[in-house]
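Listed here are the chains, written in short residue letters.
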Amino acid sequence: MSYFLKRAAFLFPLLLLISVLAFALLKLAPGGPFDKERAPATAEIKRAIEAKYHLDEPVWQQYLRYIGGVLQGDFGPSFKYRNHTVTDIIAQGLPVSVALGGMAFALSLGIGIPLGFWSAARRGQWGDYTGSFLAILAVCVPALVVGPLLVMGLAIQWRLLPVALWTSPAHVILPTLTLGLYFSGRVARLMREGMLTTLHEQYIVTARAKGLDDTTVLLKHALRIAILPVVSYSGPLLADLLTGSFIVENLFQIPGVGVFMVNSSLNRDYPMVIGLVLLYATLLLVLNLLVDVGYSYLDRRVKYD
Amino acid sequence: MTEEAAASESLSPNQRAWRRFRKNKFASACGVLLVTLLGVILLWPALSSTTVAKAMPGFLSTGLHAPNEHSPELFAPPSGKHWFGTDIHGRDIFSRVIYGARVSLLVGAVGACVSLVIGVLWGAAAGYLGGRWDAWLMRVVDVLYSLPSIIFVIVLITTLHGALDKLQSAGKLTVTMRDTAKFVGLFVGLGAVSWLTMARIVRGQVLSLRTRQFVDASRALGATHTQILFRHILPNITGIIIVYLMLLVPAIILYESFLSYLGLGIQPPQASLGSLIADGAAQINPIRIYWWLLVFPCSVLVSTLLALNFFGDGLRDAFDPRGDR
């Protein structure tokens, strides 16, 4: 318990370090947010804009100003979308991305865990070969491939489902499939691997020797330990899915935060990028901590210190 | 104990792994498929050069086109002349797919090698030095893990592109030099964000190997740290490194297609499988369906990834020390 408290206490300095790194990375890279096509007409206007966003101060002062705002829940103004604050944009997009990501997560676990379990239970038989093939196939069809093909086939050719947007439950199906299918393959592979390793353990041999039937051994004894690799993977996976996917949001015109992750890095919209980096890092660190708590609950042999 | 098992006692672990790999028919078949694919991809441009095309009139020569050759037949469906159809500029999709697959595989292989070098050096340093060094080097990896890599890549690549464009317009670089530099920058960018897992794997292996007796022995014989690391420790983990490298190639190919989709990967008129899919996706509209623009690049990408993954999986099973059970 004290181990987890200690780790939770470390979250804050770690996030500070990450914010410093992200800030430094963006400041080191040449090219500012007001170059190129957004370039102000005269040097005077440029100076005025820079003064407005405090870009004329030394970098450390800019950082302190920024992080002071963040601590009060203010992630600063967006340089690109001039009338919106970063907090606003994230608050609008995040619920959509979380809904989509959450469903894709449920889909990938819902397909992946049974598929991996089933392949491992039928090791070396046709069931295993089919299951493993499906899992690898899923890993080889990323959103980039699935998305356009699904839109072309199901939405345009056969008109079964809406092409884009995010309004009714029917709009949810294609994006969820596009996002989740790839990860269901990853989960299935981890699950199968975990099962195969677990089935070699002594306590499984003991359970079988006691004369328990196959179903009880697999479901009651093996599953609890075999699922651990999936549990550790689900932390980073969920952090990835909840912060949105550029391809899916771009393809289906979904107003999530994934599009901003890419576009604001392209536009050098610093406050936006750092806000999203912090969001992702917080999610990842917190989820990883929760995963480790869950890990020690499932496998009582694991002791952290 | 069978005769074969007795014979295998004297084989090195790598020889035993190789034997196990050849027993895995499916993975071997994928290896053969990969080699064939590589052969076609590498030899096709030579075939499509005009002299060969003229020397062999008939069926084959009708399918030979240069990947960037424009023609008046826009959006032609697949036919004997254009096997995979044509795109918005009348370019032949078949030759573009072959050409794109070549670029994708090249990017995957080189990107994987870049991350191999960084990851192995970093992980080996952490594992071998141990103690405080290990803690610091691996904390860096942990922190980098918690940053979204896509932002890194985008900043790296846009910065590079900006600098190169500036140099080019100032007349210090020719257009070819600039485009080559962009290409190299893509390799470096992809490699630079994919080395983290490699570093973790290598570090774990080195950590367990450096306490072995043969390392103590060579140290007692007066071997330097470099010698111990490169002569004694790293050769022992080649198997694991190669296996992970093989699984890294498809991952990097995927990453490159994603970057090409954003317009940051391969620059037009060059093509990779990812940029071809992006072009096809851009042509999706409710009025006319140009399915050949999507289906062919997608299926070539998926089958390449499948072959690479099966091959890598087969290698991993073969190198798994528990494989003998």
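In what follows, the structure referred to is the one given above.
Notes on the structure in this doc start here. (Residues numbered from 1 in each chain as written. Chains lettered and ligands numbered in written order. Predicted model: local features only at pLDDT ≥ 70, side-chain atom pairs only at ≥ 80, totals over all residues. Heavy atoms only, no water.)

### Side note on the pattern of salt bridges
Reasoning step 1: Scanning the model with the defined rule gives eleven salt bridges over all chains in all.
Reasoning step 2: D313 of chain B is the partner of R189 of chain A in a salt bridge, and the nearest nitrogen-oxygen pair spans 3.0 Å. With R189 of chain A in helix α7 (residues 170-199) and D313 of chain B in helix α15 (residues 291-319), this residue pair bridges two chains.
Reasoning step 3: Among the residues examined, R189 of chain A registers a relative accessible area of 24% and is labelled partly exposed.
Reasoning step 4: D165 of chain B serves as the salt-bridge partner of R178 of chain B, at 3.3 Å between the closest nitrogen and oxygen. Highlighted residues: R178 of chain B in helix α9 (residues 175-193) and D165 of chain B in helix α8 (residues 149-169), separated in sequence by 13 residues.
Reasoning step 5: Using a relative accessible area of 17% as the deciding quantity, one classes R178 of chain B as buried. (Salt bridge = Lys/Arg side-chain N within 4 Å of Asp/Glu carboxyl O. Helix = DSSP H or I, 4+ residues; strand = E, 2+ residues; numbered from the N terminus. Buried < 20%, exposed > 50% of the residue type's maximum accessible area, 1.4 Å probe, protein only.)

### Things to note about unusual backbone geometry
Reasoning step 1: At Q253 of chain A, a position not held by glycine, the phi torsion is positive, near 55°.
Reasoning step 2: Within the secondary structure layout, Q253 of chain A lies in the loop between α11 (246-251) and α12 (258-267).

### Some remarks on the interface of chain B and chain A
Reasoning step 1: Counting residues at the interface gives 39 residues for chain B, matched by 44 residues for chain A.
Reasoning step 2: Taking both sides of the interface into account, the surface hidden between chain B and chain A amounts to around 3600 Å²; carbon and sulfur atoms contribute 81%.
Reasoning step 3: Contact with chain A buries surface across chain B, with S146, I151 and Y261 of chain B losing the most and accounting together for 15% of the total.
Reasoning step 4: At the junction of chain B with chain A, the criterion picks out one salt bridge.
Reasoning step 5: If you look at where chain B meets chain A, you find one residue pair in polar contact (both at pLDDT 80 or more).
Reasoning step 6: Every element with two or more residues in the side of chain B that touches chain A is listed here: α7 (131-145), α8, α13 (238-262), α14 (273-282) and α15 of chain B.
Reasoning step 7: The element that contributes the greatest number of residues to the side of chain B that touches chain A is α15 of chain B, accounting for twelve residues.
Reasoning step 8: Looking at the side of chain B that touches chain A residue by residue, the class counts come to 28 nonpolar, seven polar and four charged. (Contact = heavy atoms within 4.5 Å. Buried area = accessible area lost by both parts, 1.4 Å probe. Polar contact = N/O pair within 3.5 Å; in protein donor to acceptor, adjacent residues only side chain to side chain. Nonpolar A, V, L, I, M, F, W, Y, C, P; charged D, E, K, R; others polar.)

### Concerning the packing of aromatic side chains
In this description, an aromatic ring pair is defined by two values, namely the gap between the centres and the angle between the planes.
Reasoning step 1: Considering all chains together, one arrives at twelve aromatic pairs over all chains under this definition.
Reasoning step 2: Summarising the aromatic geometry, the rings of F246 of chain A and F258 of chain B are spaced 6.5 Å apart at their centres and angled 70° between planes, so their arrangement reads as edge-to-face. Note that F246 of chain A is positioned in helix α11 and F258 of chain B in helix α13, a pairing that runs across two chains. Each member of the pair, F246 of chain A as well as F258 of chain B, carries the same accessibility label: buried.
Reasoning step 3: Aromatic pair Y290 of chain B and W292 of chain B: ring centres 5.7 Å apart, planes at 70°, arrangement edge-to-face. The pair Y290 of chain B / W292 of chain B is uniform in exposure class, with both members buried.
Reasoning step 4: A connected cluster of aromatic rings, assembled from ring pairs, spans Y290, W291, W292 and F296 of chain B.
Reasoning step 5: Note that R224 of chain A overlies the ring of Y297 of chain A, its terminal NZ or CZ placed 5.8 Å from the centroid. (Phe/Tyr/Trp six-rings, centres within 6.5 Å; stacked < 30°, edge-to-face > 60°. Lys NZ or Arg CZ within 6 Å of the ring centre and 35° of its normal.)

### A look at helix α9 (residues 214-226) of chain A
Reasoning step 1: For α9 of chain A, with 13 residues, the first-to-last C-alpha span of 15 Å runs short of the 18 Å given by 1.5 Å per residue.
Reasoning step 2: Within the sequence span of α9 of chain A, burial applies to V217, L218, A222, I225 and A226 of chain A. (Expected span 1.5 Å × (residues − 1).)

### Brief notes about the nonpolar core
Considering soluble globular proteins, one finds that nonpolar side chains tend to be buried as a cluster.
Reasoning step 1: Among the nonpolar cores identified, the biggest contains 175 residues, and I150, L259 and L262 of chain B are the most heavily contacted of them.
Reasoning step 2: Of all the elements, α15 of chain B adds the most residues to this core, at 16 residues.
Reasoning step 3: If near-sequence neighbours (up to four positions away) are discounted, L262 of chain B is found in contact with F246 and V262 of chain A together with I150 and I154 of chain B.
Reasoning step 4: Formed by seven residues, the second largest nonpolar core is a distinct cluster that contains L137, M138, V141 and L196 of chain B. (Core = buried A, V, L, I, M, F, W, Y, C linked by side-chain atoms within 4.5 Å.)

### Some remarks on the packing of helix α10 (residues 228-242) of chain A against helix α13 (residues 270-298) of chain A
All names here are of chain A.
Reasoning step 1: Two elements in contact, α10 and α13, have axes separated by 9 Å at closest approach and are oriented at 160°. With respect to α13, the element α10 is oriented roughly antiparallel. Taken as a pair, α10 and α13 cross one another with a handedness that is right-handed. Residues L228, V231, S232, S234, G235, P236, L238, A239, D240 and L242 of α10 lie in contact with α13, whose contacting residues are Y280, L283, L284, L287, N288, V291, Y295 and L298. (Axes fitted to C-alpha atoms, helices over the stretch in contact; angles between N-to-C directions. Parallel < 35°, antiparallel > 145°, perpendicular 65-115°, else oblique. Left-handed = near helix turned anticlockwise from the far one by under 90°.)

### As for the side chain of E256 of chain B
Residues and elements named next belong to chain B.
Reasoning step 1: Mapped onto the fold, E256 is located in helix α13.
Reasoning step 2: For E256, which is buried and forms no salt bridge, the nearest opposite charge comes from R96, at a distance of 12 Å.
Reasoning step 3: Excluding anything up to four places from it in sequence, E256 contacts S104, V107, L186, L190, G265, I266 and S272. (Lys, Arg positive; Asp, Glu negative; His and termini not counted.)

Function cannot be inferred from these measures alone, as they are strictly geometric.
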